[in-house]
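A structural walkthrough
One-letter residues, chain by chain:
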Amino acid sequence: MAEPVAGGLQHPWAVAFLPDGRFLVTERPGRLRVVAADGRVQPPVRGLPAVAAGGQGGLLDLVLDAGFTHNRRLYFCFSEPAGEGGGNSTALARATLSPDASALQDVKVIFSQQPKVASNLHFGCRIVQAPDGHLFLALGERYHRKDDAQKLDNHHGKVVRIQPDGGMPADNPLRGRPGALPEIWSWGHRNPQGATWGPDGRLWVHEHGPQGGDEINRPEPGRNYGWPAVTHGENYGGGKIGEGTAKPGMEPPLHYWVPSIAPSGMAFLTSERYGPDWRDSLFVGSLKFGRLHRLELQDGKVVREERLLEDLGERIRDVRQGPDGWLYLLTDSPDGRLLRLRPR
């Protein structure tokens, strides 16, 4: 059962949990909101940088730093305008939330996807902080630049890995490789809109396929995940893409959907709020069908899939486990909602 927590959110994209029981929610048009525990939506938080809001772009993902309780630091990603040159790209910023949660302070962009292009599509933009503090950012290939996903001289269709201050980890897989950008962790991705750290100690990412072929992957350092050379999808309206569904040197997806569910948001359940059978399940939201997918895993493989909230009728944009052990969802609409999943 989806229990309403708050409404009146304009295309909410990501939710984070403040230690005092309040929520932080990004709205795609370029606003950050504090939501009280009783559901009251506060005025926009001040201090955000300029956001290129339009199409799929805007203010997107948000995570709190692992040390938020003492440093009040957070990270957010957004579509960053290029200025005089035109175009935009996905950027990652860090900031400090003021003590009264009314403003962002010390805002600094620590990564900007290159090159910037004129597109309102496929920003990707999910952030994961690993237990060692490093940040992973999943980046879309900007749709019209899909072939860039197979090239290492750009950030399109990549997962990148950086330090919390924007610095370069010494053990990144392509560091020192001629012609390759050193931030790149993995490549061959299309439009990732779900990412989480798994209980297996690995990064998990899902990405939109074209017409069919949405994928779940576990990006490993220096690996190629195939797009657009291989895919289980096809062109919109029909027609083959690439060279088939598999190719040597390219990693197969752990799981894929045909037809597409348009996945967004992803979280592992580590609590037993819903009983032991759901513990360690992976939850993925569907934009296309307006439902929640629960995936049971065994030895790193999906062995069962269950569809939940099929009567919800709202696009699910984000899925997170709260510190209270409950699952929280955001619905993507001009009057979007924050929901708490309760057992029936």
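In this report, the structure presented in the accompanying data block is examined.

Mapping Asn-172 onto the fold places it in the loop between strand S11 (158–162) and strand S12 (184–187). Relative accessible area serves as the criterion here: at 4%, Asn-172 is assigned to the buried category. Separated by 3.0 Å, the side chain of Asn-172 and the backbone oxygen of Pro-182 make a polar contact. Non-local contacts of Asn-172, meaning those with residues more than four positions away in its chain, are made with Arg-161, Pro-182, Glu-183 and Trp-185.

The sheet built from 4 strands is open, its strands ordered S18-S19-S20-S21 with antiparallel pairing. Of all strands in the sheet, those bounded by a partner on one side alone are strand S18 (263–268) and strand S21 (301–308). Along the sheet, successive strands turn relative to each other by an average axial angle of 25°, direction set aside. In the sheet, strand S19 (residues 282–286) pairs with strand S20 (residues 291–298) via 5 bridges, with the strands oriented antiparallel. Bridge assignment links Ser-286 to a residue of S20, and that residue is Arg-291.

Over the atoms a probe the size of a water molecule is rolled, and this reveals where empty space is left. This structure, assessed with the given rule, holds 2 cavities of 30 Å³ or more. Roughly 60 Å³ of internal volume is contained in the largest cavity. Lining the largest cavity are 13 residues, with Glu-207, Gly-213, Glu-215, Trp-227 and Thr-231 positioned closest to its centre. Classifying every residue of the lining of the largest cavity by side-chain character gives 4 nonpolar, 6 polar and 3 charged. Taken as a whole, the second largest cavity holds about 30 Å³ of empty space. Lining the second largest cavity are Arg-126, Val-128, Phe-136, Leu-137, Ala-138, Val-159, Ala-195, Leu-203 and Val-205. Elements represented by at least two residues in the lining of the second largest cavity include exactly strand S9 (124–129), strand S10 (135–139) and strand S14 (203–208). The biggest single contributor to the lining of the second largest cavity is S10, with 3 residues.

About the cut-offs
Residues numbered from 1 in each chain as written. Predicted model: local features only at pLDDT ≥ 70, side-chain atom pairs only at ≥ 80, totals over all residues. Heavy atoms only, no water. Helix = DSSP H or I, 4+ residues; strand = E, 2+ residues; numbered from the N terminus. Buried < 20%, exposed > 50% of the residue type's maximum accessible area, 1.4 Å probe, protein only. Polar contact = N/O pair within 3.5 Å; in protein donor to acceptor, adjacent residues only side chain to side chain. Contact = heavy atoms within 4.5 Å. Pairing = 2+ DSSP bridges. Axes fitted to C-alpha atoms, helices over the stretch in contact; angles between N-to-C directions. 1 Å grid on protein atoms, 1.4 Å probe; cavity = no way out; pocket = protein on both sides within 12 Å on 5 of 7 lines; lining within 4 Å. Points joined across faces, edges and corners; volume = space filled by probe spheres on them. Nonpolar A, V, L, I, M, F, W, Y, C, P; charged D, E, K, R; others polar.

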